[in-house]
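Breakdown of the fold
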Amino acid sequence: MNKHLQLVKEFHRQFGIAQPDDGDLAHLSDMDIVMRQALLLDCASYTFKAVAGGDLLKILAGLVDLAFNALAAIACRGDEVVTVSVNWRQDGSVLSLIRALSDKVHQCVSGETVHYSALYALCGHLAQRFVNADFDQAFQLVHGHLMAGLDDSQPIDLSPALFE
């Protein structure tokens, strides 16, 4: 099982967020999908603003938040991450990055695990290839921050996850 999905499930258990027991599958209602989409759009907006500002730490935080929320949808379905290929390549334009993220977020309106998995995979890929960061370490730092009950008023330092 995907270790990041396990971390999200642990977060859900600690904070009483409903999710099926391991091995059980659930259907996301239309309103669940709408709420998940709203969260993804908020995270995408934050990430896009970070890209516009050129702040690598904020871009990394946005990518991890997008990935975390994509996995949260999968956890709420009781499903597993689906392996998907990522095709984004740096072409010298940030618009290709924005287009790729926008497309993946938009596809999540289907409520299907494959689309949430694709967004998660793209975020990991961009963290490594665009930001030059250790996605796993950044994800674990964010998870630890969330598990400690810290909110946005206490910023998290993701700089240890950046490669120099």
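Anyway, here's the lowdown on the structure attached to this text. Every chain begins its residue count from 1, and numbering advances along the sequence as written. In view of the model being predicted, local features appear only for residues whose pLDDT reaches at least 70, and side-chain atom pairs are presented and counted only at 80 or more, with totals across whole chains, interfaces and linings using the full set of residues. Here the side-chain values reflect all heavy atoms present in the structure, with hydrogen atoms and water set aside.

Before going further, it helps to examine the overall build of the protein. Put simply, DSSP marks the helices as runs of H or I at least four residues long and the strands as runs of E at least two long, and each gets a number from the N terminus on. A count of helices and strands for the protein gives 6 helices and 0 strands. Helices (α) and strands (β) of the protein occur, in sequence order from the N terminus, as α-α-α-α-α-α. A compact globule built from 164 residues should have a C-alpha radius of gyration of about 15 Å, and the protein, at 15 Å, falls within 12% of that. Once the C-alpha set of the protein is aligned to its principal axes, its extents read approximately 45 × 30 × 25 Å. The globule rule used here is 2.2 Å times the number of residues to the 0.38 power, and the radius of gyration it is set against is calculated over C-alpha atoms.

Glancing now at the packing of helix α2 (residues 30-53) against helix α3 (residues 56-77). Note on definitions: angles span 0 to 180 degrees between N-to-C directions of axes, and those axes are lines fitted to C-alpha atoms, for helices only across the stretch in contact. Packing of α2 against α3 leaves a shortest axis separation of 8 Å and a crossing angle of 165 degrees. With respect to each other, α2 and α3 are oriented roughly antiparallel. Taken as a pair, α2 and α3 cross one another with a handedness that is left-handed. Facing Arg36, Leu39, Leu40, Cys43, Ala44, Tyr46, Thr47, Ala50 and Val51 of α2, the residues of α3 in contact are Lys58, Ile59, Ala61, Gly62, Leu63, Asp65, Leu66, Asn69, Ala70, Ala72, Ala73 and Cys76. An angle below 35 degrees is read as roughly parallel, one above 145 as roughly antiparallel, one from 65 to 115 as roughly perpendicular, and any other as oblique. The sense of a crossing depends on the near helix, which, turned anticlockwise from the far helix by less than a right angle, makes the crossing left-handed and, turned clockwise, makes it right-handed. What makes two residues a contact is simply this: any of their non-hydrogen atoms within 4.5 Å.

Below, the discussion takes up the environment of histidine 143. Along the chain, histidine 143 turns up in helix α6 (residues 135-147). The exposure class of histidine 143 is buried, given its relative accessible area of 8%. Sequence-wise, histidine 143 and alanine 50 are 93 residues apart; in three dimensions their C-alpha atoms are separated by 20 Å. Leaving out residues up to four positions away in the same chain, histidine 143 has contacts with Leu7, Glu10, Phe11 and Phe68. Burial classes follow relative accessibility: with a 1.4 Å probe on protein chains only, a residue under 20% of its type's maximum area counts as buried, one over 50% as exposed, and anything between as partly exposed.

Now for the pattern of salt bridges. By definition, a salt bridge exists where a carboxyl oxygen of Asp or Glu is found within 4 Å of a side-chain nitrogen of Lys or Arg. One pass over the structure, following the stated rule, counts 2 salt bridges. Taking the shortest distance from any N to any O, the salt bridge between lysine 3 and aspartate 136 comes out at 3.2 Å. Taken together, the residues span a long stretch of sequence, with lysine 3 in helix α1 (residues 3-14) and aspartate 136 in helix α6 at a distance of 133 residues.

Our focus in this paragraph is the state of the cysteines. Two cysteine sulfurs form a disulfide in these notes if their separation is within 2.5 Å. Inspection of every chain in the model, using the stated rule, returns 0 disulfides. Here cysteine 43 stays unpaired: no disulfide links it, and the sulfur of cysteine 123, its closest cysteine neighbor, is 8.9 Å away. Between cysteine 76, a cysteine without a disulfide, and cysteine 108, which holds the nearest cysteine sulfur, the sulfur-to-sulfur distance is 14 Å. On the accessibility criterion, cysteine 76 (12% relative accessible area) is buried.

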